[in-house]
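Geometric and topological summary
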Amino acid sequence: MIYIVLNKKGGSGKSTIASHLLPEYIRKKGIQERISLFEFDRFSQTSADFLVSSSFLKTSVISEEAIRDEIFRILFRGKEEDVILDVGAGLLVEQIIEVAKESVNLDSLVFVIPYSDDAPTALVDTVELLENTIQKPKIMIVLNRIIDAGFTLESGKESAINLFGSKRYDIEPHEDLPKIEKYIRACIPAEKYALAFAKKNKQSLVDLRKDYETVCDLDDDDLYAYWKLKELIAGDKPTEQEFMKNQVTIQRQRMGVIFLDKCQEFYTELAKLDES
């Protein structure tokens, strides 16, 4: 499958989906040891900049001049493996969709559109562009970075008031909601600390999961040896400062694992779309 993460509005949380949740979903399949993530963005290189230490993701930045050739190469690569495309906002979305419509196997394309409740019109425009360009596109809209939401779609709808409205605040739903509601499939709450820690370490949360699960399986002596191998402590035993720093590291890794695990609705709905 080719998972194309896009939205005509910038800052919607595309890189959270492309760098963390989609890799976790693909990891759960247990087929690929590494995943290729291609970034198409004129203005920022989030994935390339912040995933250089990932052992699970292989990132590539595609220049604007090479977009068409690279998209063709990816779509017609002839390999049975999952890949992720992180597409920048604006005209890049239109370019990628225009090329994608020429794919010989449209069933292998899944378009994931994150929405962070700040630009419903751009969301509607993105969906309409897909529907008008590609025959029966597989689309998944994800309510992303929803504040004060649980990990279910219904709780996300209550918080996304710019799209769904609010009886409490006497706000009407967006006029174009009926056009896109069938594609809204999952909610991802805001998560600040784990994502910031992953960014600092230039890794995906999938990498943090691996490190965390390794640490959890070690006794104290082996844990010290592991920390030393990672150059997190200087001697045979950690100083109090080193110990506290590493405990914070473990806690941040744990928060990342919890975040990944609680996004089960995202994985379940994506699997249904894959099979449709």
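Relevant structure appears above.
Given the structure is predicted, the values throughout are model-derived calculations rather than measurements. (Residues numbered from 1 in each chain as written. Predicted model: local features only at pLDDT ≥ 70, side-chain atom pairs only at ≥ 80, totals over all residues. Heavy atoms only, no water.)

1. Section: helix α12 (residues 240-262)
With 23 residues, α12 extends 33 Å from end C-alpha to end C-alpha; this agrees with the ideal 33 Å at 1.5 Å per step. The complete set of buried residues in α12 reads Glu242, Asn246, Thr249, Ile250, Gln253, Met255, Gly256, Val257, Phe259 and Leu260. At its buried positions, α12 is contacted by α1 (14-29), β7 (184-189), α9 (193-200), α10 (205-216), α11 (220-229) and α13 (264-275). (Helix = DSSP H or I, 4+ residues; strand = E, 2+ residues; numbered from the N terminus. Expected span 1.5 Å × (residues − 1). Buried < 20%, exposed > 50% of the residue type's maximum accessible area, 1.4 Å probe, protein only. Contact = heavy atoms within 4.5 Å.)

2. Details of the pairing of strand β5 (residues 109-115)
With seven of its seven residues buried, β5 lies for the most part within the structure. Taking every second residue as pointing to the same face, both faces of β5 are buried, with Leu109, Phe111, Ile113 and Tyr115 on one and Val110, Val112 and Pro114 on the other. In terms of strand pairing, β5 meets strand β6 (residues 138-146) through six bridges, oriented parallel. Directly across from proline 114, in β6, lies its bridge partner valine 142. Taken together, β5, helix α5 (residues 120-133) and β6 form a β-α-β motif whose crossover is right-handed. (Pairing = 2+ DSSP bridges. Right-handed = clockwise from strand over helix to strand, strands pointing away.)

3. Quick word on the nonpolar core
Here is a general trend for soluble globular proteins: nonpolar side chains tend to be buried in one another's company. The biggest cluster of nonpolar side chains holds 41 residues, and the ones touching the most others in it are Ile4, Phe40, Leu85, Ile141, Leu143 and Leu163. Broken down by element, this core gets its largest block of residues, six residues, from helix α4 (residues 91-100). With sequence-adjacent residues up to four places away left out, isoleucine 141 is seen in contact with Ile113, Tyr115, Leu123, Val127, Ile180, Tyr183, Ile184, Arg185 and Ala186. In this structure, Phe56, Met140, Phe259 and Leu260 belong to the second largest nonpolar core, which totals 35 residues. (Core = buried A, V, L, I, M, F, W, Y, C linked by side-chain atoms within 4.5 Å.)

4. Details of the state of the cysteines
Here the structure, examined in full by the defined rule, presents zero disulfides. In this structure cysteine 187 is a free cysteine whose sulfur lies 8.5 Å from that of cysteine 263, the closest cysteine sulfur available. Unpaired in this structure, cysteine 216 has its nearest cysteine sulfur neighbour in cysteine 263, at a distance of 19 Å. Taking the relative accessible area as the measure of exposure, cysteine 216 reaches 45% and is therefore partly exposed. (Disulfide = S-S within 2.5 Å.)

5. Some details on α5
Structurally, the α-helix is built with 3.6 residues per turn, so residues lying three or four positions apart point the same way. With 14 residues, α5 should reach 20 Å at 1.5 Å per residue; the first-to-last C-alpha distance of 20 Å fits that figure. Looking at α5, one finds that the buried residues are Pro120, Ala122, Leu123, Val124, Thr126, Val127, Leu130 and Thr133. Packed against the buried residues of α5 are α4, β5, β6, α7 (161-164) and α8 (177-180).

6. Brief notes about the pattern of salt bridges
With the rule as written, the count across this model stands at 13 salt bridges. The partner of arginine 209 in a salt bridge is glutamate 213, with the nearest N and O atoms 3.2 Å apart. Taken as a pair, arginine 209 and glutamate 213 lie in helix α10 at a separation of four residues, close to a single helical turn. Classification of arginine 209 as buried rests on a relative accessible area of 7%. Residues lysine 272 and glutamate 269 are paired through a salt bridge, measuring 3.2 Å at the closest nitrogen-oxygen approach. With lysine 272 and glutamate 269 both in helix α13, this residue pair falls three residues apart, about one helical turn. When salt bridges with common partners are traced through the structure, they connect Glu24, Arg27, Arg209, Glu213 and Asp261 into a single cluster. (Salt bridge = Lys/Arg side-chain N within 4 Å of Asp/Glu carboxyl O.)

7. Remarks on the packing of aromatic side chains
Two aromatic rings, taken as a pair, are described by how far apart their centres are and by the angle between their planes. Within this structure, the stated rule accounts for two aromatic pairs. Note on tyrosine 3 and tyrosine 25: the rings are 6.0 Å apart at their centroids and 90° apart in plane angle, and the pair reads as edge-to-face. Residue tyrosine 3 is located in strand β1 (residues 2-5), and its partner tyrosine 25 is located in helix α1; the two are separated by 22 residues in the primary sequence. Each member of the pair, tyrosine 3 as well as tyrosine 25, carries the same accessibility label: buried. An angle of 75° between the planes, with centres 5.8 Å apart, marks the rings of phenylalanine 266 and tyrosine 267 as edge-to-face. This pair shows no difference in class: phenylalanine 266 is buried, exactly as tyrosine 267 is. (Phe/Tyr/Trp six-rings, centres within 6.5 Å; stacked < 30°, edge-to-face > 60°.)

Any functional reading would require information beyond the geometric quantities listed.
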